[in-house]
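If you want the building blocks of each chain, they are given just below.
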Amino acid sequence: MVIVDPKTFDVIWDAGDVEFLKFTITNSDGTPWNGTGATMHFIVKADLDFAIGAAAINLVSTLNPTQFDVTGIATGIVRVKLVFTNTSSLGGKSYYYGLKAIDAAAEQHVPRV
């Protein structure tokens, strides 16, 4: 089961869970960002100083397309599917997560990493 704290956006999930996490990406003025054609990166790491290559979870939409639902990307909505193989090795400690969208025009971050 996944629990998201609405005030801190902390995510609590059990190792081995299969869940979708929903992100809404907005422009600086708060309007939905049209990310059509963007490459999405979802990263989970135990320490902010860790290199991306040392991340506990490192998913890229072009390499892991079945784990990204981008049907709502024109309105800034992206869903990331975390499957058993992603979460089974996560232990009882805190991790940092983030979503980054890269396209030819701009790079957008959902602020969390």
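Conventions used here
- Residues numbered from 1 in each chain as written.
- Predicted model: local features only at pLDDT ≥ 70, side-chain atom pairs only at ≥ 80, totals over all residues.
- Heavy atoms only, no water.
- Pairing = 2+ DSSP bridges.
- Helix = DSSP H or I, 4+ residues; strand = E, 2+ residues; numbered from the N terminus.
- Buried < 20%, exposed > 50% of the residue type's maximum accessible area, 1.4 Å probe, protein only.
- Phe/Tyr/Trp six-rings, centres within 6.5 Å; stacked < 30°, edge-to-face > 60°.
- Core = buried A, V, L, I, M, F, W, Y, C linked by side-chain atoms within 4.5 Å.
- Contact = heavy atoms within 4.5 Å.
- pLDDT = per-residue confidence, 0-100.

Attention shifts here to the sheet that holds strand β6 (residues 68-69). Across the sheet, which stays open at both edges, the 3 strands sit in the order β3-β7-β6 with antiparallel pairing between neighbours. Every other strand in the sheet has two partners, leaving β3 (19-24) and β6 as the edge strands with one partner each. In this sheet, strand β7 (residues 77-82) lies alongside β6 in antiparallel orientation, the contact comprising 2 bridges. Note that in β7 the partner of D69 across the bridge is R79.

Extensive coverage of strand β4 (residues 39-45) is indicated by the burial of 6 of its 7 residues. With 7 bridges joining them, β4 and strand β8 (residues 96-102) adopt antiparallel strand pairing. Each bridged residue has a counterpart across the sheet, and for M40 the counterpart in β8 is A101. Judged from the 4 bridges that link them, β4 and strand β5 (residues 57-60) form a sheet pairing that is antiparallel. Counted as the bridge partner of I43 is N58 from β5.

The next thing to look at is the packing of aromatic side chains. For the structure on display, the rule yields 2 aromatic pairs. Their ring planes at 50° and their centres at 5.9 Å tell us that F23 and F42 sit as a pair that is tilted. With a gap of 19 residues between them, F23 in strand β3 and F42 in strand β4 connect regions that are remote in the sequence. Accessibility expressed as a relative area gives 7% for F23, which makes it buried. Relative to Y97, the ring of F23 lies with its centre 6.2 Å away and its plane at 55°, an arrangement referred to as tilted. Note that F23 is positioned in strand β3 and Y97 in strand β8, a separation of 74 residues in sequence. Taken together, F23, F42 and Y97 form an aromatic cluster joined through their ring pairs.

Ranked by internal contacts, the top residues of the largest apolar core, which has 19 residues, are M40, F42, F68, V78, V80 and L99. At the level of secondary structure, the elements contributing two or more residues to this core comprise β3, β4, β5, β7 and β8. Look past the residues within four positions of M40 in its chain and what remains in contact with it is I25, L59, V60, S61, F68, V70, I73, V78, L99, K100 and A101.

With 75% of its residues at a pLDDT of 70 or more, the protein shows a mean pLDDT of 79. Across the protein, the element-wise mean pLDDT spans from 57 in strand β9 (residues 107-110) up to 92 in β6.

Attention now goes to the environment of V80. Considering the arrangement of structural elements, one finds V80 in strand β7. Along the chain, V80 and T66 lie 14 residues apart, while their C-alpha atoms are 9.1 Å from each other. Other than its neighbours up to four places away in sequence, V80 contacts E19, F20, L21, F23, F42, L59, Q67, F68 and L99.

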